[in-house]
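Residues per chain, in single letters:
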Amino acid sequence: MEEIRIGVYVCWCGTNIAKMVDVEAVAKAMREIPGVIVAKDYKYMCSDPGQELIIQDIKEHNLNRVVVSACSPRIHELTFRKALENAGLNPYMFEMANIREHDSWVHTDRAEATQKAKALVAGAINRVRWHESLDKRSVEINPATLIIGGGIAGISAALEIADAGKQVYLVEKQSQLGGTVAKLDLLFPHLDSAQQLIQPKINRAMNHLSIQCFLNAEIREVFGYIGNFEAKVYQKDDLETEIQFGNVIVATGLKPFDPSKIDQLNYKRLPNVITSLELEEKLLSGNLVMDNGKDPKHIALIHCIGSRNKNHHEYCSRTCCNTALKYSNQIRSAFPDAAIYEIYSDIRSFGKGCEELYTHTARQDVMFLMYDQKGEVPKITEARHSEKVNMMLEFREQLSGEHVEVPADLVVLMVAMEAHENAKEIAHAVGVSMCGNSFYIEKHPKLDPVATTTGGVYVVGSCQSPKDIPDSVSQARAAAARIMADINFGSVEVEVTTAVVNEDICCGCQTCISVCPYTAIHFDAEKNVSVVNEILCKGCGTCGSACPTGAIRSRHFTDKQILSQIEGLMSMQLQH
Amino acid sequence: MEFEPTIVAFLCNWCSYTGADLAGTSRMKYASNIRVIRVMCSGRVEPTFVLKAFREGADGVLICGCHPGDCHYHEGNYKCLRRYHLLQNYIEQMGMDKRRLHLDWISASEGKQFAELVDKMTQTIKELGPCQVKHSVETLT
Amino acid sequence: MSDNEKPKLKLAVYWGAACGGCCVSVLDVHEKLFNVVAAADLVFWPIALDIKYKDVEAMPDGHIDVTLFNGAIRNSENEHMAHLLRKKTKVLVAYGSCAHMGGIPGLANFTTKEELFRRVYDESESTVNPDKIRPQTSFTVPEGVLHIPEFYNDVRALDQVVDVDYYLPGCPPQTERLVDVFMAIVTGAELPPKGSVVGAYDKSQCDECERKKTDNKKIKAFKRPWEIQDDGETCFLEQGVICMGPATRGGCGVRCIKGNAPCRGCYGPPADVTDPGAKMMSAIATMIDSDDEDEIVEIVNQVADPAGTFYRFSLPGSILRRKIVQTV
């Protein structure tokens, strides 16, 4: 067996780690561990000079294993694996110890944090001892793409890919394409027509030779892996179509919050309390009137209904402020003499041209009144007959500090945008994760915002978080570009940390077969052994734990590696 | 001096490890007694790992996976749940308090819950005192 | 020296804490004993030959070629003899489950010396001991001082006391396997690396088991063997009966299973398995056919004695080794 020669690098992360962890002491302690040839601390290991330090040491000291203790491996494991590769070492001869997110950032006692860092790094050193070289594998890419959701995001991605000559399957659960945008009248900030924007795109998508549209359709399950997926599209009358594709874009959009959950808004009970999307219907039909057919004289727009409140959604729905400003302008055009109230909690008119929209609206004789969205929303009641309006709004106005009453003939609730009720089913079907509020989680919030942790599956538009049109379209086209790059390359590298069966040990008990959620294991009756399809295997390791004989090894998460890591961790005890 | 337990934690990569990372990026503070081992799925956690941690001197072992129904690998966490209960019965027979081994679900967005869980478990183990497995084996007579 | 060119092997068989079954398994070579005797001199075997400890002590170091040491280490005599035979032997074989992993006597690690003595010398229904006399390690009689071995608190496997060259598992080992190993040594075949398990297969029981196995290993209820209508053909696990077969090396000829009893695990784990009980617990629990926590608990609780079931032959050799002795 080759001599183990480990290089250990302890990152300061500026002061992020060094402030709470004595990085020099950690490096020093690691030098005592057998097999450690060099142990150094450095200001920013992920920087170019930091990586260069590793590369130089690998060459100079003939290192064959590397441990970096720095931030979470979820951030920089790939960076350092790449550095090993550049130095001619197999990228899997690397292990990372997380002494930032799991240590310096969460503890307050320097001695304790330092001791913990020593334990974590010693665990990583003991683990890396048993690491093995793993060879990269690649699979061919089926050039077709499945897009789930035919709103502005889905259509934009579909056209981008189809215009490049590649097949797209566009699956929409409604009877027509267009999604939310097709239900809008004008768009902020320039008050241009939503219909003029979306209808030509819908027509083009419906008639594109490279796009097959499925309306009233759904996907229940997606099988396979990046480059080689397959699924059935279910439509009305038990119509099923089998499709094969190499990538998936999820663009399922969002749905409005139901304000009847908030009692004092009296939504549904008072006929002239409507949601923003219901107002869009009135605007689209050109019939902006009250339920009795008369023109409203007092119109109130209440912001943040269901947003930014821990009882509903803590997040900001991002589009409603600008939408409300848009409404004030539309209402002002329709009723030059009407009183318009924007009952807001903070005006968040960010985005190109949007602050200008706010400034413009403020000059349109619109009254801005502030309420506290964290507390109670304005109470809407029916006005007494003696009043000349039909409703009264009561709330505490934040800027004046006074309890105010606002008359209204029409109240528009700027409802939050939330994930679809079937977001979870789609997540399961395609294998993406959801965060607490049911929006899909991207692979990295900043650096990889449209990919997901499942290879070949992308999330774009408002299913990832509430977005306006420019952001949705940007994401859609970004995902399309990512996919086109893979299609053009023709193949893609896949996970190599899969399970593998040692046929000399496997006794054919078949315990593992039903354990695999990806049906990646089958039984070879002739040899009386289980066989793992390494392309289908996603490397969860559950079969390795279920195998009673020890014949299944979870590559890169072997028993030996984990047991040794435990020994290493425990070799640096807490100082009692 | 107050007893400071060592707790070994096995966290799944997609939910719990990410949740623990979030506790870090959110600068939440929790007890430093925990040492984390990353696995891809809680379904990879074998009884052998847990027993090994106790044997090496851990006073408690924590396993965290995705919430039921939310496993990145569909159902690995259920496999973990089944093993956990059988292992609980075993360690109890071996003279250990069941509370030394704890399974919980932490999603990627539950940084706060992770921090609270670590503090709570640390407190429980402090009350139970040092685990005697390592001592027992080292002083066989 | 015989007419054979090679000098005859010097063979010893010794028992520690054992039932005697291992020694009988050596006797079970029957007529092949002649082959053994033709190739080897038995220089020490308390069950069969009257050779005293002092005779062994007088042997030069490394005098014995092969010692088959059966039985666990339970008292100071076992430990003394393990050290002595290690010194006198070139190839020390842990023979049988007790020497290999602690075996059935190893189940005493669920209790303590004090608890055992209390039961045996005070409480047992057949004991009359009003003065509560307990065994002493030395006792003065008119003729002098008598010494008897000290009974230990813990049972150990042989390799937890001395360095072991090979393991020949089984409770007891199958005689055929012993003959295979013995003939390999005699004929000078290349021996496997030190520390190997010999006389057993790399693959576990299922490879040889003739019962029908499918991938339908889903358990809704654990059953004891008497609770099922065994058809004699279906995999025990698929009938809800715990069978240690998958986590146990083959080599015994699947005798228990052929006798319609599930495997108990005496042949020990396949290579690279650290803790056979933990491996089997992991596998068995995975088979539970429920995602509902309450139901899982209910099903798990049907395994009446997990420690005794999964560690029947391997407790001292397992990771935890014994039930915790609570110290304050």
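Residues numbered from 1 in each chain as written. Chains lettered and ligands numbered in written order. Predicted model: local features only at pLDDT ≥ 70, side-chain atom pairs only at ≥ 80, totals over all residues. Heavy atoms only, no water.

**Q** Is there a simple way to explain the domain arrangement of chain C in this structure?
**A** All names here are of chain C. As assigned here, chain C comprises domain 1 (9-105 + 153-186), domain 2 (114-152) and domain 3 (205-310). Of note, the centres of domain 1 and domain 3, computed from C-alpha atoms alone, are 31 Å apart. Taken residue by residue, the interface counts 11 residues in domain 1 and 8 residues in domain 3. Taken over both partners, the interface formed by domain 1 and domain 3 buries close to 650 Å², and the fraction arising from carbon and sulfur atoms is 54%. Its largest share of buried area at the contact with domain 3, domain 1 owes to M101, P169 and Q174, together 58% of the area lost on that side. Between the two partners, domain 1 and domain 3, sit 1 salt bridge. Between E176 and R255 there is a salt bridge; the shortest N-O distance is 3.3 Å. For the side of domain 1 that touches domain 3, the secondary-structure elements that each account for two or more residues are α5 (97-101) and α7 (175-186). With 3 residues, α5 is the single largest residue contributor to the side of domain 1 that touches domain 3. (Domains from an automatic or database assignment. Contact = heavy atoms within 4.5 Å. Buried area = accessible area lost by both parts, 1.4 Å probe. Salt bridge = Lys/Arg side-chain N within 4 Å of Asp/Glu carboxyl O. Helix = DSSP H or I, 4+ residues; strand = E, 2+ residues; numbered from the N terminus.)

**Q** Any chance you could explain unusual backbone geometry here in plain terms?
**A** Both trends apply: most residues other than glycine have a negative phi, and most peptide bonds are in trans. Following F188 of chain A, the chain continues to P189 of chain A via a peptide bond in cis, the omega torsion being 0 degrees. The peptide bond linking C171 of chain C to P172 of chain C adopts the cis configuration, its omega dihedral lying at -10 degrees. Mapping P172 of chain C onto the fold places it in the loop between β9 (166-168) and α7. Its identity as a non-glycine residue notwithstanding, T519 of chain A has a phi of 45 degrees, on the positive side. Within the fold, T519 of chain A resides in the loop between β27 (499-501) and β28 (521-524). One non-glycine residue with positive phi stands out, namely D272 of chain C, at about 75 degrees. Note that D272 of chain C resides in the loop between α8 (255-258) and α9 (276-286). A relative accessible area of 71% places D272 of chain C in the exposed class. (Buried < 20%, exposed > 50% of the residue type's maximum accessible area, 1.4 Å probe, protein only.)

**Q** What is the right way to look at the interface of chain A and chain C in this model?
**A** One frequent convention defines the size of an interface as the accessible area lost when the parts assemble. Taken together, the 23 residues of chain A in the interface contact 22 residues of chain C. Together, the buried faces of chain A and chain C total about 1,700 Å²; carbon and sulfur atoms form 52% of this surface. Considering only the side of chain A, the residues that lose the most area to chain C are C507, Q510 and P548 of chain A, jointly responsible for 27% of the buried surface there. Our count for the chain A to chain C interface comes out at 1 salt bridge. For K279 of chain C, the salt bridge identified is with D559 of chain A, shortest N-O distance 3.5 Å.

**Q** Honestly, the pattern of salt bridges in this entry has me stumped. Any pointers?
**A** Side-chain pairs of opposite charge can arise whenever the charged atoms involved come near each other. By the definition in use, this model includes 61 salt bridges over all chains. Note that K527 of chain A and E503 of chain A form a salt bridge whose closest N and O atoms lie 3.3 Å from each other. Within this pair, whereas K527 of chain A is found in the loop between β28 and β29 (529-532), its partner E503 of chain A is found in the loop between β27 and β28, the two being separated by 24 residues in sequence. Of the charged contacts, one joins K194 of chain C and D165 of chain C as a salt bridge, the two residues approaching to 3.8 Å between their closest N and O atoms. Placement of the pair is K194 of chain C in the loop between α7 and α8 and D165 of chain C in the loop between β8 (151-156) and β9, with a sequence separation of 29 residues. When its relative accessible area of 51% is taken as the criterion, K194 of chain C is described as exposed. Sharing partners across several salt bridges, the network here consists of E114, R118, D122, E123 and R134 of chain C.

**Q** How should the nonpolar core be read in this particular structure?
**A** Nonpolar side chains tend to gather and get buried jointly when the protein is soluble and globular. Counting residues in hydrophobic clusters, the biggest one holds 182 residues, and the most contacted among them are V8 and M30 of chain A, F10 and Y90 of chain B together with F310 of chain C. Looking at this core element by element, the count peaks at 9 residues for helix α5 (residues 110-128) of chain A. Excluding anything up to four places from it in sequence, F310 of chain C contacts L86 of chain B together with I242, M244, G277, M280, M281, I284 and V303 of chain C. (Core = buried A, V, L, I, M, F, W, Y, C linked by side-chain atoms within 4.5 Å.)

**Q** What should I look at first to understand the packing of aromatic side chains in this one?
**A** Any pair of aromatic rings gets described here by the distance separating the centres and the angle formed by the planes. All names here are of chain C. Counted according to the given criterion, the structure contains 17 aromatic pairs over all chains. Taken together through their ring pairs, the aromatic side chains of Y14, F44, Y53 and F69 make up a single cluster. A cation over an aromatic ring shows up here: R211 above the ring of F236, its NZ or CZ 3.9 Å from the ring centre. (Phe/Tyr/Trp six-rings, centres within 6.5 Å; stacked < 30°, edge-to-face > 60°. Lys NZ or Arg CZ within 6 Å of the ring centre and 35° of its normal.)

**Q** Please explain the sheet that holds strand β11 (residues 218-225) of chain A as it appears in this structure.
**A** In any sheet, the strands associate via hydrogen bonds between backbone groups, in a parallel or an antiparallel arrangement. All names here are of chain A. Taken in spatial order, the 3 strands of this open sheet run β11-β12-β13, and their pairing is antiparallel. Every other strand in the sheet has two partners, leaving β11 and β13 (239-245) as the edge strands with one partner each. Each strand axis lies, on average, 15 degrees off the axis of its neighbour in the sheet, ignoring direction. Two elements, strand β12 (residues 228-235) and β13, share 7 bridges in a ladder whose sense is antiparallel. The residue bridging K232 from the neighbouring strand is E242, located in β13. (Pairing = 2+ DSSP bridges. Axes fitted to C-alpha atoms, helices over the stretch in contact; angles between N-to-C directions.)

**Q** Before we go on, may I ask you to explain the interface of chain A and chain B in this structure?
**A** Listed per partner, the contact involves 52 residues of chain A and 53 residues of chain B. Buried area between chain A and chain B, both sides added, is near 4,600 Å², and the carbon and sulfur share of it is 58%. Where chain A packs against chain B, one counts 5 salt bridges. A salt bridge links D559 of chain A to R44 of chain B; the shortest N-O distance between them is 2.7 Å. Those elements that place two or more of their residues in the side of chain A that touches chain B are α3 (73-86), α4 (100-104), α5, α11 (423-430), α13 (542-546) and α14 (559-570) of chain A.

**Q** Which parts of the structure should I look at to understand the environment of R553 of chain A?
**A** All names here are of chain A. One can find R553 in strand β30 (residues 552-554). Overall, the relative accessible area of 34% leaves R553 in the partly exposed class. Residues R553 and M484, 69 residues apart in the sequence, show an inter-C-alpha distance of 35 Å. Ignoring any residue separated from it by four or fewer positions in sequence, one finds R553 in contact with E132, T498, A499, V500 and T558.

**Q** Sorry, what's going on with the environment of S571 of chain A here?
**A** All names here are of chain A. Relative to the assigned elements, S571 resides in the segment after α14. Overall, S571 belongs to the partly exposed group, its relative accessible area being 49%. C-alpha separation for the pair S571 and A119, spaced 452 residues apart in sequence, amounts to 7.0 Å. A polar side-chain atom of S571 sits 2.6 Å from the main-chain carbonyl oxygen of G568. (Polar contact = N/O pair within 3.5 Å; in protein donor to acceptor, adjacent residues only side chain to side chain.)

**Q** Before we go on, may I ask you to explain a negative patch on the surface in this structure?
**A** Residue and element names in this part refer to chain C. On the surface, D292, E293, D294 and E298 cluster together to form a negatively charged patch. Along the chain, E298 falls in helix α10 (residues 293-300). The class of E298 is exposed, set by a relative accessible area of 53%. (Patch = residues over 30% accessible without salt bridge, like charges linked within 9 Å, V, L, I, M, F, W, Y side chains within 5 Å. Areas by Shrake-Rupley, 256 points an atom, 1.4 Å probe, with all protein chains shown as cover. Lys, Arg positive; Asp, Glu negative; His and termini not counted. Charge placed at Lys NZ, Arg CZ, Asp CG, Glu CD.)

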